[in-house]
Amino acid sequence: MITTGQIIRCKAAVAWEAGKPLVMEEVEVAPPQKHEVRIKILFTSLCHTDVYFWEAKGQTPLFPRIFGHEAGGIVESVGEGVTDLQPGDHVLPIFTGECGDCPHCHSEESNMCDLLRINTERGGMIHDGESRFSINGKPIHHFLGTSTFSEYTVVHSGQVAKINPDAPLDKVCIVSCGLSTGLGATLNVAKPKKGQSVAIFGLGAVGLAAAEGARIAGASRIIGVDLNSQRFDQAKEFGVTEFVNPRDHDKPVQQVIAEMTNGGVDRSVECTGSVQAMIQAFECVHDGWGVAVLVGVPSKDDAFKTHPMNFLNERTLKGTFFGNYKPKTDIPGVIEKYMNKELELEKFITHTLPFSEINKAFDYMLKGESIRCIITLGA
């Protein structure tokens, strides 16, 4: 391609300061360096993580920055040492990676790569610490190594999943973060057997993906737990069969669920980040075989407290990161589940917008109106 090795000028939505609307700017995107690829982004989606770091309420602000980490695109060029990707490949950039060399990548049980594990504070590339984005010579920080709110981006090759070129990028782009996190928490970690009961705490995008996993697994009862009763009708589309709003009861929700299920659910998945919900999710599973899985990220000072007898009575508590999926190895298989009509993606997509209107996607999410909003960049 004629752009190989050249600086590309393109549009990007730049966050200049915390909580202020993104500004459409012309940015310069440098060529990929060693173990990097440059991707033409066609579709991206807004995730709550983007909003959280854009608001910068709970961490060290890093601006100006290009956010975005759920996306689909086509490889434009590759840097030195990249052998598994080539121009024209259809790919999903992913916020965490798989170097293939570290103990975690060699383990069948872990996806927490030592080199490419999520890092929210890094504003440059691993190779040299420098940014590949600039405006008039001023560097613009990366986000999660992906920065997909740009028509072109540069990503470490270990954070790029090559997928079936027949898969529609405007649908499968949502697989690169929240959907896989929830889906994998159920299918890969909780592992409900056909006919078992599953409780899902939190019915946002990740919780609905966890419910979708329970539906695919053949769960007989999927109990949704949420403080917002308005989410319940929508959740039925994702296989949820029953609903509990803790505010409607004068007893602990774990007791409510135990009474509903003759002693507790077989599996639970917590997708809120509330330590109280985490405790409830653990204590509502059945003794002897119940498994609870934590997905939500708690506040840094939170402490999980439960009586040790809950463990001695043979309940299991697990945690998960990105649904235990290895990005390069496993995500192509999730795409095939969609292509084989096992996994339904369309119902997660509630809005679509042109790139020029990306700030509306933030409004939809802040108002709780969207599950996923697809933003079209270069189609």
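Residues numbered from 1 in each chain as written. Predicted model: local features only at pLDDT ≥ 70, side-chain atom pairs only at ≥ 80, totals over all residues. Heavy atoms only, no water.

1. As for the pattern of salt bridges
- Summed over all chains, the structure comprises 20 salt bridges.
- Note that Asp-128 is salt-bridged to Arg-132, the shortest N-O span being 3.1 Å.
- By relative accessible area, which is 37% here, Asp-128 ends up partly exposed.
- With a closest N to O distance of 3.1 Å, Asp-170 and Lys-171 form a salt bridge.
- Accessibility expressed as a relative area gives 25% for Asp-170, which makes it partly exposed.
- Within the structure, one salt-bridge network assembled from shared partners comprises Glu-212, Arg-215, Glu-344 and Lys-347. (Salt bridge = Lys/Arg side-chain N within 4 Å of Asp/Glu carboxyl O. Buried < 20%, exposed > 50% of the residue type's maximum accessible area, 1.4 Å probe, protein only.)

2. Quick look at the domain arrangement of the protein chain
- The assigned domain composition of the protein chain is domain 1 (8-174 + 345-376) and domain 2 (181-320).
- Distance from the C-alpha centre of domain 1 to the C-alpha centre of domain 2: 30 Å.
- Across the boundary between the two partners, domain 1 contributes 5 residues, which contact 8 residues of domain 2.
- Contact with domain 2 buries surface across domain 1, with Lys-347, Phe-348 and Ile-371 losing the most and accounting together for 84% of the total.
- In this structure, Lys-347 engages Glu-212 in a salt bridge whose closest nitrogen and oxygen atoms are separated by 2.7 Å.
- Linking domain 1 with domain 2 are 2 residue pairs in polar contact (both at pLDDT 80 or more).
- Considering only residue class, the side of domain 1 that touches domain 2 consists of 2 nonpolar, 1 polar and 2 charged. (Domains from an automatic or database assignment. Contact = heavy atoms within 4.5 Å. Buried area = accessible area lost by both parts, 1.4 Å probe. Polar contact = N/O pair within 3.5 Å; in protein donor to acceptor, adjacent residues only side chain to side chain. Nonpolar A, V, L, I, M, F, W, Y, C, P; charged D, E, K, R; others polar.)

3. Examining the sheet that holds strand β1 (residues 8-14)
- Taken together, the 4 strands give an open sheet; going across it, the order is β1-β2-β6-β7, and neighbouring strands pair in antiparallel fashion. Of all strands in the sheet, those with a lone pairing partner are β1 and β7 (138-140), marking the two edges. Along the sheet, successive strands turn relative to each other by an average axial angle of 50°, direction set aside.
- Two strands pair when backbone bridges link them, and strand β6 (residues 133-135) and β7 are joined in this way by 3 bridges, in the antiparallel orientation. Across the sheet, Ile-135 pairs through a bridge with Lys-138, a residue of β7. (Pairing = 2+ DSSP bridges. Helix = DSSP H or I, 4+ residues; strand = E, 2+ residues; numbered from the N terminus. Axes fitted to C-alpha atoms, helices over the stretch in contact; angles between N-to-C directions.)

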